[in-house]
Amino acid sequence: TALDAPVDLTNCDREPIHVPGAVQPHGALVALRGDRIVQFSANVPDRLGTPAGDLLGATLDTLLEPDLAAQVNGALASGELDRNPLFLLTAPVRDRGPFDLTAHRLDDLTVLEFEPLPGALVHADAYTLVRGTLARMNAAPDLARFVEVAAQDIQALTGFDRVMVYQFADDGTGTVIAERCAPGMTPYLGLRYPASDIPKQARALYVLNMLRIITDVNYDPAPMLAQPGEAALDMSYCVLRSVSPIHLEYLRNMGVGASMSISLLRGPELWGLIACHHNTPRALSPNVRAACELIGQVASVQLSAWQEKQDQSYQLHLKAAQSQLMERLAHTPDLLEALVGQDSRLLDFVDAGGAAVCLDGQVIRLGRTPDPEQLRALQDWLRTQPDSEVLHTHSLGELFPAASAYAESASGLLAVQLSRLRGDYVMWFRPEELQTVAWGGDPNKPAEVAQDGSARLSPRRSFEAWQQTVRGRSAPWLTEEISAARTLRRALLSLVLRRAEELRDLNE
Ligand code: BLA
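Residues numbered from 1 in each chain as written. Predicted model: local features only at pLDDT ≥ 70, side-chain atom pairs only at ≥ 80, totals over all residues. Heavy atoms only, no water.

### What to know about the sheet that holds strand 18 (residues 424-430)
Two pairing modes exist for strands in a sheet, parallel and antiparallel, and in both the strands are linked by backbone hydrogen bonds. In space, the five strands of this open sheet follow the order 15-14-18-17-16, with antiparallel pairing throughout. Looking at strand neighbours, the two that pair on one side only are strand 15 (362-367) and strand 16 (390-393), the edges of this open sheet. Going across the sheet, the axis of each strand differs from the next one's by a mean of 10 degrees, ignoring polarity. Both strand 17 (residues 412-419) and strand 18 contribute to a ladder of seven bridges, which runs antiparallel. Following the sheet pairing, Leu414 is matched in strand 18 by Trp428. Along the sheet, helix 11 (residues 479-507) contacts strand 16, strand 17 and strand 18; its crossing angle with strand 17, the most-contacted strand, is approximately 20 degrees. (Pairing = 2+ DSSP bridges. Helix = DSSP H or I, 4+ residues; strand = E, 2+ residues; numbered from the N terminus. Axes fitted to C-alpha atoms, helices over the stretch in contact; angles between N-to-C directions. Contact = heavy atoms within 4.5 Å.)

See the structure below:
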């Protein structure tokens, strides 16, 4: 599904980057179905020395010396190369010098990629280095040191001028949390970047494929040529995949000559990237890339463990507060007393700054809350909200403008509805978290119109730090907190129901 309209800011998340129809031209690509060539990059004749007219429908013998072709065919047929991607060999191709040859299978196709040896750019002993890295990452006492080790060692392994660990927040923005850069370069450490800098189809691709490299941001793509009727090649797993022109422009505007990034996953989700820049073009051999991927994979597992540990201890704390409250509800006949009486842990229940219980026309407040009159207005507004059995927001003022007046104490609201009719609610409030965010460039100007006045948008050119103070927002409510509120709602409703029945029985 090629895009008809030119790619711009409004549709760049629809650019089908996995089927670019071209490769980065320092290497060459050939795709086979069975033993026949069905697609190749237009630079194969130039790079590998076979005339274009001889390729489609031919076997590998046309392309490689008979010995080498036999070796590759044998390896592909042996079935021992079932892992994807397959690393085959370093081999001379005719008189064109040695190439690194890698292969992978996708559906019924076999894709061969030829890359010229990067010569001096191969690290002498990747294995020893990676072994050291794994030990150092293992010994890191905390997440901060851990990502520091990752940045430092990826730089040592690859020689990139700048290596950053980039972490995504829930809203898709990303912050540079660790960095190593060559002397004289402006550091990006601590800067935050808008979610739109890495569109969602790119994030999805980066979950499938852990590593991508742009060897020279100034390249002219080599288009793919295919047999009639052949679908455009899915390059999700190709190392030579030609990348989005928008992103190339972005990198050029940043003064970058080459770029590589390695995915950091937490379970099935993209947690972050190890992003690398070089001031000039840079290629890495397949074994150095494989070492980078290994570090990325191990780092992903360890990151997940760090986060799990953090989450678990908080969840234990929540559970304790929650079971205490449930206990009180079971033993204290008066609901209000159980919720807000002495030693109540209602505030701890979801780690709030304040809470209010509106029940049977009474309003009881704990901690920092809006004043009673403001609470009544909020209650009225809540009653007009559809589907609001449990309503949560970390920027109440955006939904209910009157709340801006008390943003300081209550930018976050988690409200449990007991009876919309009577206006019975339990509410928790979170204070404003004044955040000063250092953006890498003005986030409100993600693009500018090209100089010739055309409508085509290009990424913003300013990468100067841009300060913004975010107001009217609290820390977000966590999934566990929201589900605890749902549980409390069910418990309260069944209590209310039981008491109504008891009352009825008494009256009968
Ligand atoms: C891809 N954007 C990327 C990638 C990064 C960034 C790391 C992954 C590819 C790579 O390794 O180079 C963003 N790079 C950054 C950021 C920093 C950095 C934030 O170094 C900070 C220091 N990009 C835009 C806009 C669009 C866009 C406005 O800024 C679209 C209109 C698109 N970015 C875009 C696309 C890709 C991308 C399409 C995918 C490139 C590909 O893999 O083909």
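### Let's talk about the pairing of strand 3 (residues 36-41)
A large share of strand 3 lies buried, amounting to five of its six residues. Here four bridges tie strand 2 (residues 28-33) to strand 3, and the two strands are oriented antiparallel to one another. Residue pairing across strands places Ala31 opposite Gln39, the latter belonging to strand 3. Where strand 2 folds back onto strand 3 in an antiparallel hairpin, the turn is made up of two residues, including Gly34, whose phi is positive at roughly 60 degrees. Pairing analysis gives three bridges linking strand 3 to strand 11 (residues 222-226), with the strands arranged antiparallel. Bridge assignment links Phe40 to a residue of strand 11, and that residue is Leu225. (Buried < 20%, exposed > 50% of the residue type's maximum accessible area, 1.4 Å probe, protein only.)

### With respect to the pattern of salt bridges
One pass over the full model with this rule turns up 17 salt bridges. The shortest N-O distance in the salt bridge between Arg136 and Asp153 comes to 2.7 Å. With Arg136 in helix 3 (residues 126-139) and Asp153 in helix 4 (residues 143-158), this residue pair connects regions lying 17 residues apart in the sequence. Take Arg136: its relative accessible area is 39%, and that puts it in the partly exposed class. Of the residues examined, Asp153 reaches a relative accessible area of 3% and is grouped as buried. Arg368 serves as the salt-bridge partner of Glu408, at 4.0 Å between the closest nitrogen and oxygen. With a gap of 40 residues between them, Glu408 in the loop between helix 10 (396-399) and strand 17 and Arg368 in the loop between strand 15 and helix 9 (372-383) connect regions that are remote in the sequence. Taken together, the shared-partner salt bridges connect Arg33, Asp108 and Glu230 into one network. (Salt bridge = Lys/Arg side-chain N within 4 Å of Asp/Glu carboxyl O.)

### Considerations on the site of the ligand
Neighbouring residues of the ligand: 27 residues in total, closest Cys12, Tyr206, His247, Ser259 and Ser261. In this structure, an oxygen atom belonging to the ligand sits 2.7 Å away from a side-chain N or O atom of Arg241. Within the contact set of the ligand, an oxygen atom lies 2.6 Å away from a side-chain nitrogen or oxygen of Ser261. In isolation the ligand exposes 890 Å². Once the protein is present, 99% of that is buried. Looking at the shell around the ligand, the elements that each hand over two or more residues are strand 7 (162-168), helix 5 (200-208), helix 6 (245-253), strand 12 (258-266) and strand 13 (269-278). (Near = heavy atom within 4 Å. Polar contact = N/O pair within 3.5 Å; in protein donor to acceptor, adjacent residues only side chain to side chain. Areas by Shrake-Rupley, 256 points an atom, 1.4 Å probe, with all protein chains shown as cover.)

### Let's talk about the nonpolar core
By size, the foremost hydrophobic cluster in this structure holds 47 residues, and its most contacted members are Phe146, Leu157, Met260 and Ile274. With eight residues, the single largest contributor to this core is helix 4. Among residues more than four places away in sequence, those in contact with Met260 are Thr158, Phe160, Leu211, Arg212, Ile213, Ile274, Ala275, Cys276, Leu284 and Cys292. (Core = buried A, V, L, I, M, F, W, Y, C linked by side-chain atoms within 4.5 Å.)

Everything listed here is a matter of geometry and, on its own, says nothing about what the molecule does.
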